[in-house]
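Coordinates in review
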Amino acid sequence: MIRPINISFQLKEETLRVKKKSLRSIKLINEKLVPSKPAIDQINLALDHFKKSDFEYFDSKRKARALCCLLLYPKLYVLIQSKKDFSKFISILTQYPSKSVAYHLLLAVMMFWKQEFTQKRLIKLCKSFLVSNSYNQESNQFKISKYVFDQNGIELLVDRYTNKDEDLLTYLNEIGLRQTAIKSQFFEVVVKQIATVLITSLTRDNNDLTRIQNICNLSNDGYISKPIEILIISRIISRIDKQKMFNQDIRKYALDKIGDVDHQNWRLSSGLSNNEIATIQSAKQILEGWMTDLFLDRFWGLIEDEYRRSFWKKYSKLMSNVKIILDNGLYAELDDNIKVNPYLNRIYSGKKGAVLIFEINSRLFVEFGGYAAGPLQVYKNRDDIQEIIDSLSNSCYSKSFPVTYYTPHLKGFSAESDNLMYGHTILRDFGRFPHHGQWHSKLKLWMNTYGKN
């Protein structure tokens, strides 16, 4: 019996190059079907004459087209919104109709989709302009209009896409949304709703993030803004946390795309509503909690101390900015999936043993690994805390050649007069705390007073 042979092949590099070139050519041809904007000097000239009420200037399709393009510039979009100016604007476009004017009206509607003026007046003008001039709304140039003019058009677009297994940009081209319109408020609304539908469908049994991540990656080419990308990722984080799904993949994806929780990207908010900003801040806290759990688990996995592990687990929800310092031997024992960026930004090379660092209620806590390694240190002064954080930077394992950090430097409080407590009496709100005797109940008493946010 002849057994079938498994045949595989790989496209040559030259074939792939030709394929890419061909796709670029097709894209360029496709875009040429869309009317280009007039030169900026023509648009400025149209603006000057319109502002001076010199309406006799507009005596051709070319000049009417230049006037229409004022709508595409945010600063100029507002200039024709008065009842008088808009009426004259309509009169000029109606007198000199063209497909170019019609397309730029449609494009302006999509560009400023969320604006009240667009919803109340511009959509109506655009629709009547296409109808009165009998422009074919099924043509490639105008077929997106049926979704733009339909009250439920966005929902139809979203439903159609989410029920297909197709690349988003390919889908958008099919429905007539050109490259020129992708960076528009209309597209932003569509993308947000598509992402919301896909995110809502995530469960333990349906945990494939590929399609949603592909949408997030549109920010790489500027098709969506960075704040929108961060919002979508934040909604994924919230969904996964709510469904109690395995978070390793999205945790790393969020760290790679946005940065750790102290990165400035988490503060980006341009174009977002207050509710959307709140969603991002909530996701940031969830991510912080994931990172805390991850590093506490790895630290106490290396340092066997069940009492301290159990104690600090109760306060993990209050912790932030968790970091660990490990000597070379302990670092070698760490599992490989955490010895990569961006996790390495929280792991430092130390002289001997291990150190756990975290913040609670604006205080920096330093726990030394091992029973006899030294008392807990609690810093309160912000300058002292910042000095410690800064001093760690050159020892980060993310560097090619990390400098070995001198961990005894972290024992800033060494005298008994620096103790946080004497027996069950609280003496200070910062200092040192030795782990001996009934230390659990004593430290719990102190934490109940000074360790709550």
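Residues numbered from 1 in each chain as written. Predicted model: local features only at pLDDT ≥ 70, side-chain atom pairs only at ≥ 80, totals over all residues. Heavy atoms only, no water.

Let's shift gears to helix α15 (residues 248–257). If you check which residues of α15 are buried, you get Ile250, Arg251, Tyr253, Ala254, Leu255 and Lys257. On its buried face, α15 is in contact with α13 (210–216), α14 (226–242) and α16 (274–302). Positioned one or two residues after α15, Gly259 has a phi angle of 115 degrees, which is positive. (Buried < 20%, exposed > 50% of the residue type's maximum accessible area, 1.4 Å probe, protein only. Helix = DSSP H or I, 4+ residues; strand = E, 2+ residues; numbered from the N terminus. Contact = heavy atoms within 4.5 Å.)

If you walk across this open sheet you meet the six strands as β2-β1-β3-β4-β5-β8, and the pairing is mixed. At either margin of the open sheet sits one strand with a lone partner, and together these are β2 (347–349) and β8 (431–433). In this sheet, adjacent strand axes meet at a mean angle of 20 degrees when their direction is disregarded. As paired strands, strand β1 (residues 320–326) and strand β3 (residues 354–360) are joined by five bridges and run antiparallel to one another. When the bridges of β3 are listed, Ser320 appears paired with Glu359. Packing of helix α17 (residues 306–313) onto the sheet brings it into contact with β3, β4 (363–368) and β5 (376–379), and relative to β4 it is tilted by some 160 degrees. (Pairing = 2+ DSSP bridges. Axes fitted to C-alpha atoms, helices over the stretch in contact; angles between N-to-C directions.)

All right, on to the environment of Lys444 then. Relative to the helices and strands, Lys444 is located in helix α20 (residues 439–450). Looking at Lys444, the relative accessible area reads 47%, which means it is partly exposed. Taking the C-alpha atoms as reference, Lys444 lies 8.5 Å from Phe311; in sequence the two are 133 residues apart. Every residue in contact with Lys444, bar those within four places of it in the chain, is listed here: Phe311 and Tyr315.

Where helix α9 (residues 153–162) contacts helix α10 (residues 168–175), the axes come no closer than 11 Å and their chain directions differ by 130 degrees. As far as their axial angle goes, α10 and α9 are oblique. The crossing of α9 and α10 is right-handed. Two secondary-structure elements touch here, α9 through Leu157, Arg160 and Tyr161 and α10 through Leu168, Tyr171, Glu174 and Ile175. When the residues that make up the contact of α9 with α10 are grouped by side-chain class, the tally is five nonpolar, no polar and two charged. (Parallel < 35°, antiparallel > 145°, perpendicular 65-115°, else oblique. Left-handed = near helix turned anticlockwise from the far one by under 90°. Nonpolar A, V, L, I, M, F, W, Y, C, P; charged D, E, K, R; others polar.)

Attention now moves to the packing of helix α6 (residues 99–111) against helix α7 (residues 116–132). Taken N-terminus to C-terminus, the directions of α6 and α7 make an angle of 155 degrees; their axes are 9 Å apart at the nearest point. With respect to α7, the axis of α6 lies roughly antiparallel. Here the hand of the crossing between α6 and α7 comes out left-handed. Here Val101, Ala102, Leu105, Leu106, Ala108 and Val109 of α6 lie close against α7, whose contacting residues are Thr118, Leu122, Ile123, Leu125, Cys126, Phe129 and Leu130. A class-by-class count of the residues in the contact of α6 with α7 yields 12 nonpolar, one polar and no charged.

Bringing the pairing of β3 into the picture now. In terms of burial, β3 is a largely internal element, seven of the seven residues being buried. Residue alternation in β3 divides its side chains into two sets, Ala354, Leu356, Phe358 and Ile360 and Val355, Ile357 and Glu359, and both sets are buried. One ladder, built from six bridges, connects β3 with β4; its direction is antiparallel. Looking at β4, one finds that Ile357 is bridged to Val366. Where β3 folds back onto β4 in an antiparallel hairpin, the turn is made up of two residues, including Asn361, whose phi is positive at roughly 50 degrees.

Attention shifts here to the state of the cysteines. Evaluated as defined, the whole model comprises zero disulfides. We note that Cys69 lacks a disulfide partner, and the nearest cysteine sulfur, in Cys68, lies 5.8 Å from it. (Disulfide = S-S within 2.5 Å.)

Right, let's talk about the packing of aromatic side chains for a bit. Within this structure, the stated rule accounts for 24 aromatic pairs. On the numbers, 5.9 Å between centres and 65 degrees between planes, the contact of Trp312 with Tyr315 is edge-to-face. Of the two residues, Trp312 and Tyr315, both sit in the buried class. Between Phe365 and Trp446 the ring centres are 6.2 Å apart and the planes differ by 75 degrees, which places this aromatic pair in the edge-to-face class. Within this pair, whereas Phe365 is found in strand β4, its partner Trp446 is found in helix α20, the two being separated by 81 residues in sequence. Each member of the pair, Phe365 together with Trp446, is buried. Within the aromatic cluster, the residues linked to one another by ring pairs are Phe311, Trp312, Tyr315, Phe358, Phe365, Trp439, Trp446 and Tyr450. Over the face of the ring belonging to Phe430 we find Arg428, whose NZ or CZ atom lies 4.5 Å from the ring centre. (Phe/Tyr/Trp six-rings, centres within 6.5 Å; stacked < 30°, edge-to-face > 60°. Lys NZ or Arg CZ within 6 Å of the ring centre and 35° of its normal.)

A few words on the nonpolar core. Counting 133 residues, the largest nonpolar core has Phe89, Leu105, Leu122, Phe186, Ile232, Trp312 and Ile347 as the members making the most contacts within it. For this core, the element with the highest residue contribution is α16, accounting for 12 residues. Apart from residues no more than four positions distant in its own chain, Phe186 is found in contact with Met110, Trp113, Ile144, Val148, Ile154, Leu157 and Leu177. Ile325, Leu364, Val366 and Ile385 belong to the second-largest nonpolar core, a separate cluster that totals 15 residues. (Core = buried A, V, L, I, M, F, W, Y, C linked by side-chain atoms within 4.5 Å.)

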